[in-house]
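Structural features, examined
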Amino acid sequence: MHVRRLLALSLAVPVLLAGCSDDPEPTPRMPDSPSSSPTTEPTETETPEAESPEDFIRRWVKAGDEMQVTGETGEFRDMSRGCRACEDLIQNVRRIYADGGRIEFAGTRVARLNSVGDEPPTFELDLETPETRIVDDSGQTTQTYPSGIGKYLITLGQRGEDWRVTHYGRR
Amino acid sequence: MSAPVIARVSASAAMCIAAVVAVPVGAGAASGSCSESIGLWGASATCTWSYPEYQQTSSSGEEHTWYVSVQSANGGIRRDDLMCTENGQTGLWHDVFMDGVDVGDVCVPDAEVDEVNIGEMVIRRFKDIAWPDSNLVVQPPKGKTLVNFETNFYTLDSIPIDQTVTVANRQVVIRAVPTTYAFHFGDGAVTRTASPGRPHPDLDVTHVYERVGTVEVRLDTTYSGEYRIGDGDWVDIPDTLTVTGEPQDLEVVEALPQLVLE
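What this report covers is the structure whose coordinates are included nearby. (Residues numbered from 1 in each chain as written. Chains lettered and ligands numbered in written order. Predicted model: local features only at pLDDT ≥ 70, side-chain atom pairs only at ≥ 80, totals over all residues. Heavy atoms only, no water.)

**Observations regarding the sheet that holds strand S7 (residues 162–170) of chain A**
Pairing between the strands of a sheet is mediated by backbone hydrogen bonds and can be parallel or antiparallel. All names here are of chain A. Stated precisely, the cut-off is as follows: The pairing criterion for strands is at least two bridges between them, as found by DSSP. A helix here means a DSSP run of H or I that spans at least four residues, while a strand means a run of E at least two residues long, and both kinds are numbered starting from the N terminus. For helices, the axis comes from a line fit to the C-alpha atoms of the stretch in contact; other axes are also lines fit to C-alpha atoms, and the angle between any two N-to-C directions lies between 0 and 180 degrees. For this analysis, residues touch if any pair of their heavy atoms sits within 4.5 Å.
Strand order in the open sheet formed by four strands is S2-S3-S6-S7, and the pairing between neighbours is antiparallel. Every other strand in the sheet has two partners, leaving strand S2 (109–117) and S7 as the edge strands with one partner each. On average, each strand axis in the sheet is tilted by 30° relative to the strand beside it, whichever way the strands run. The pairing of S2 with strand S3 (residues 122–129) spans seven bridges and is classified as antiparallel. Bridged to Ser 115 within S3 is Phe 123. The strands touched by helix H2 (residues 53–70) within the sheet are S2, S3, strand S6 (148–159) and S7, with S3 carrying the most contacts at an inclination of about 35°.

Pasting the structure below:
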């Protein structure tokens, strides 16, 4: 199965199982297509709700997963300005793809997300991570990371309205 | 489990603390209670230590040198990016170094983030790096003097000396200030003084030899120290070091009056 399909499936499964999970993934928001425009015009302008730190972290995890299976680092980097471990992750991904390789894994699942501090917002994050394989340009698996639950401490910063991850480390 | 050993070089930072202490031997000494590395997420992240964990580990045993240094990267990271919180206390993320190798991160509480402990590191450097001895000048010159005569001793090396070193990723200027001179006259007599002596005719440090013979004279210099981090204030180093001077032979001779016909 293609990696992106694996990831897509993994992102969909938690939605299907949302009623069974203690900490379900949010439903991915897809942009409205032109054909699905509303039939009635809104009477007043709605102020978009500020994103909660928790939602931001979930979105950040998703961006990190997608970065790993696509090699596209832009979105994850934008969400992680000033985070050195994030930059290390980005560089690891870039190196693999620059060499013609790829990363195969089915995406992570947020198993636990718990606030442990407010100033700055700090969270304990448990990421259920499937086996991850690094494949080189000839299709050979050069490295395999076993599956398991990675435990992290995440620190957020804020620039204007936007959250960003300033630090993540294993705890 | 062991933490990954990831070496990083940090550029100058806004502030820094350092503690030179030791811990027991063992591969697990640097592990803290960090969880296993899972996937690329885990492989890219270092271990997060709690501050008490760091304090406990770094303050026991005698096998390793530990210090923490505020995180930075090419001077481009702002304080806001380094802020952290632990048990309700805010602080700054620091790298944990064991024997100079980055072994994880720790949230150092604001109250602990000061520059006091860097002095421990600086004292070590102050004593480790080479400082010059003082050039001893004896009058009369050419290695000869007279018995029962005031032989003059002095040095012109009396100004402070600066050396720039890197301590805990910070540029530190260490200044050695000569404070005490020990003039060893070679016959068992020693004069310890804050004065470097003076050239003739303003005699200051002199010695009268009572016997002829050859003696070995030397001048030892004791330096006190001070340092400053970057452009910060000068801070006294609460210790001194003594540099032993190079010995030189001095022949003590007797002068006999002799009439000379013109």
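**Looking at the pattern of salt bridges**
Test applied: By convention in these notes, a salt bridge is any Lys or Arg side-chain nitrogen within 4 Å of a carboxyl oxygen on Asp or Glu.
Counting across every chain of the model gives 17 salt bridges over all chains. A salt bridge links Arg 84 of chain A to Asp 95 of chain B; the nearest nitrogen and oxygen atoms lie 2.4 Å apart. Here the residue Arg 84 of chain A occupies a position in helix H4 (residues 84–98), and Asp 95 of chain B occupies one in strand S4 (residues 89–98), the pair thus bridging two chains. Salt bridges sharing partners connect three or more residues here, namely Arg 112, Glu 124, Asp 126, Lys 151 and Arg 171 of chain A.

**Looking at the state of the cysteines**
Residues and elements named next belong to chain B. Our working rule: Only a pair of cysteine sulfur atoms within 2.5 Å counts as a disulfide in this structure description. Exposure classes here rest on a 1.4 Å probe applied to the protein chains alone. A residue is buried below 20% of its type maximum, exposed above 50%, and partly exposed in between.
Going through the model one piece at a time under the given rule, you end up with three disulfides over all chains. A disulfide bridge connects Cys 34 with Cys 47, and the sulfur atoms are separated by 2.4 Å. Residue Cys 34 is found in the segment before helix H1 (39–43), and its partner Cys 47 is found in the loop between H1 and strand S1 (48–49); the two are separated by 13 residues along the sequence. Just as Cys 34 is buried, Cys 47 falls in that class too. Across a sulfur-sulfur distance of 2.1 Å, Cys 84 and Cys 107 are joined as a disulfide pair. Measuring the twist about the S-S bond at about 95°, one finds the Cys 84-Cys 107 disulfide to be right-handed. In this pair, Cys 84 sits in strand S3 (residues 83–86) while Cys 107 sits in strand S5 (residues 101–109), placing the two residues 23 residues apart along the sequence.

**A short note on the pairing of S3 of chain B**
As paired strands, S3 of chain B and S4 of chain B are joined by four bridges and run antiparallel to one another. Across the sheet, the residue bridging to Thr 85 of chain B is Thr 90 of chain B, located in S4 of chain B.

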